[in-house]
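# Observations on chain architecture
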Amino acid sequence: MSNWKNEQEAREQILSMVEDFYHDFREKKPYQDGDRITYAARVFDEKEMCSLVDSALDFWLTTGRFAKEFETEFAKWLGVKFAHLVNSGSSANLIAFSVLTAPELGDRRIKRGDEVITVAAGFPTTVTPVLQYGAVPVFVDVTIPQYNIDVTKLEDALSDKTKAVMIAHTLGNPFDLSAVKAFCDKHGLWLVEDNCDALGSTYELNGKKYLTGTVGDIGTSSFYPPHHMTMGEGGAVYTNDPLLHRLILSYRDWGRDCICPSGQDNFCGHRYDGQYGELPKGYDHKYVYSHFGYNLKVTDMQAAIGVEQLKKFPSFVERRKHNWKRLREALSDVQDKLILPVPAEHADPSWFGFIMTLSDELDREKVVRYIEDHGVQTRMLFSGNLTKHPCFDDIRSNESAYRVVGSLDNTDRIMEHSFWVGVYPGMTDEMIDRMAKVIKEAVSML
Ligand SMILES: Cc1ncc(COP(=O)(O)O)c(C=O)c1O
């Protein structure tokens with residue numbers, strides 16, 4: 001038996017030991033010249049570890065008090081009415097799309113065969129839910145050096161089946177929200193902002209500054225470790241629309257009608273007096289399903305990490321901006337070899353990465369190999385051109401599965417000539433300077 005007087009004292013002692021454990025075994029050693037520079041890494045301290053263990057000691061396991069706290073603080077920070085945690089950014093996109101198929105949305109509901117305008121130069125799971133449902137993605141090219149949708153092609157992409165635009169803010173750089181929002185408003189389309197790579201980016205619209213993800217009807221985030229903040233695995237879906245909020249809860253939580261939090265019964269006081277579908281009157285509301293939903297909830301352990309990450313988040317954003325700017329300046333004298341990224345007009349990006357496109361005479365494979373061999377990790381712009389991937393083999397000749405509007409020349413150019421490196425908040429000036437040196441060597445010597 002232990003000598004603890006009560007649970008509170010036991011928790012305090014355990015957490016104090018966790019703090020010591022962090023300092024002895026998990027605290028990151030300062031960067032030394034020659035260490036490998038990864039494109040991303042978790043930035044955390046004893047606070048995240050203690051919060052995680054605190055939730056483990058609760059042993060609540062599923063969504064609970066930490067998730068509630070995170071959702072409340074996150075919604076406040078974003079300035080939106082509703083924010084809901086899910087178990088990944090991909091799940092957030094799946095929910096964001098799925099709710100737009102709900103019968104409650106009447107004529108605006110997305111049905112099978114309806115079209116969603118998007119891009120092929122990005123991450124697959126911005127588009128996957130559209131195809132999985134049997135709706136039709138319509139791919140539009142992007143611009144370089146913004147790496148976002150070419151808004152001059154939007155009207156060409158429109159058809160009488162278009163119901164939504166669903167796109168990401170590439171590597172933190174906001175897409176032209178002013179043009180895309182105006183297009184959506186003009187044609188009565190939904191706008192889903194995949195904000196997984198842009199948390200903290202701002203955009204000025206009609207004289208007011210907005211965080212990306214909060215301008216469209218729904219925004220999504222990812223909390224996978226490389227992202228702007230982490231829970232290990234995790235994501236969020238946010239909106240200001242009360243109906244979409246209810247639908248998000250339903251699709252996330254098995255498709256159920258009831259909104260009782262996990263572990264609570266009869267929250268609304270009407271558990272046994274409703275009439276739903278063709279069920280007998282008074283059928284237990286907790287087991288009434290108004291949608292074909294999923295279970296995409298997070299555990300409280302994930303949320304407990306997020307609660308502490310959120311407190312650090314503003315400093316993360318500042319450091320990302322600083323790192324990006326320093327790298328941009330350091331590479332300014334090799335612009336004849338590389339196209340450097342530029343922030344979108346009216347935007348202040350919270351950069352996820354630093355993307356470059358090589359001039360045609362340079363061989364990307366050789367450049368990237370040189371950079372990697374000299375200790376700097378690189379990444380491609382995710383899928384490059386999504387339509388070229390094996391997952392499209394099966395539908396490539398099926399004209400009704402997807403549409404391409406005009407050419408995807410810039411998308412292909414990105415697939416062949418672009419790469420990016422990180423600017424994560426754990427990077428020091430010394431690391432940025434070394435990355436710049438290695439990149440310059442690679443493009444000048446090869
Ligand atoms: C733009 C974008 N959307 C969605 C996702 C998916 O997020 P997750 O890995 O949490 O599923 C990612 C992943 O990195 C992404 O970059």
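The structure contained in this document is the topic of the report that follows. Owing to the predicted nature of the structure, the values given are computational and were not obtained by experimental measurement.

## Observations concerning the overall build of the chain
Check the secondary structure of the chain and you find twelve helices and 14 strands. Along the longest, intermediate and shortest principal axes, the C-alpha atoms of the chain span 75 × 70 × 45 Å. Within the chain, the proportion of its 446 residues that are buried is 54%. The contacts in the chain between residues at least 6 apart in sequence include a share of 74% that link residues at least 24 apart. Of the accessible surface of the chain, which amounts to about 20300 Å², a share of 52% is contributed by carbon and sulfur atoms.

## Topic: the packing of helix α9 (residues 300-330) against helix α12 (residues 429-445)
Helices that pack against each other are described as a pair by the angle of their axes relative to one another and the distance between those axes. As a packed pair, α9 and α12 sit with axes 9 Å apart at the nearest point and diverge in direction by 35°. When the axes of α9 and α12 are compared, the crossing they make is right-handed. Each of Arg319, His322, Asn323, Arg326, Leu327 and Ala330 in α9 lies in contact with α12, whose residues at this interface are Asp429, Ile432, Asp433, Met435, Ala436 and Lys440.

## Focus: the sheet that holds strand β14 (residues 418-422)
The three strands are arranged β10-β12-β14 in an open sheet whose pairing can be described as antiparallel. Here the strands that pair on one side only, and so sit at the sheet edges, are β10 (338-339) and β14. Sheet topology note: the β10/strand β12 (residues 353-358) ladder contains two bridges and is antiparallel. If you follow Leu338 over to β12, its bridge partner there is Leu358.

## Let's talk about the environment of Val438
When you line up the elements, Val438 lands in helix α12. A relative accessible area of 5% places Val438 in the buried class. Between the alpha carbons of Val438 and Glu372 there is a distance of 9.2 Å; along the sequence they are 66 residues apart. In contact with Val438, other than residues within four places in its own chain, are Tyr370, Ile371, His374 and Val376.

## Looking at a nonpolar patch on the surface
A surface patch of nonpolar side chains, about 460 Å² in accessible area, is lined by Trp254, Tyr283, Tyr287 and Tyr289. By secondary structure assignment, the location of Trp254 is in the loop between α8 (242-252) and α9.

## Section: the sheet that holds strand β5 (residues 190-194)
Strand order in the open sheet formed by eight strands is β1-β9-β8-β5-β4-β2-β3-β13, and the pairing between neighbours is mixed. Each end of this open sheet is capped by a strand with a single partner; those strands are β1 (82-86) and β13 (403-404). In the sheet, strand β3 (residues 136-140) pairs with β13 via two bridges, with the strands oriented parallel. Considered in β13, the bridge of Phe139 is made with Val404. Docked against the sheet, helix α4 (residues 89-99) engages β1, β2 (115-119), β4 (162-168), β5, β8 (218-222) and β9 (235-239), running at close to 165° with respect to β8. Against the sheet, α8 makes contact with β1, β5, β8 and β9, and its axis sits at roughly 15° relative to β1, the strand it touches most.

Reading guide: rules and limits
- Residues numbered from 1 in each chain as written.
- Predicted model: local features only at pLDDT ≥ 70, side-chain atom pairs only at ≥ 80, totals over all residues.
- Heavy atoms only, no water.
- Helix = DSSP H or I, 4+ residues; strand = E, 2+ residues; numbered from the N terminus.
- Buried < 20%, exposed > 50% of the residue type's maximum accessible area, 1.4 Å probe, protein only.
- Contact = heavy atoms within 4.5 Å.
- Areas by Shrake-Rupley, 256 points an atom, 1.4 Å probe, with all protein chains shown as cover.
- Axes fitted to C-alpha atoms, helices over the stretch in contact; angles between N-to-C directions.
- Left-handed = near helix turned anticlockwise from the far one by under 90°.
- Pairing = 2+ DSSP bridges.
- Patch = residues over 30% accessible without salt bridge, like charges linked within 9 Å, V, L, I, M, F, W, Y side chains within 5 Å.
- Salt bridge = Lys/Arg side-chain N within 4 Å of Asp/Glu carboxyl O.

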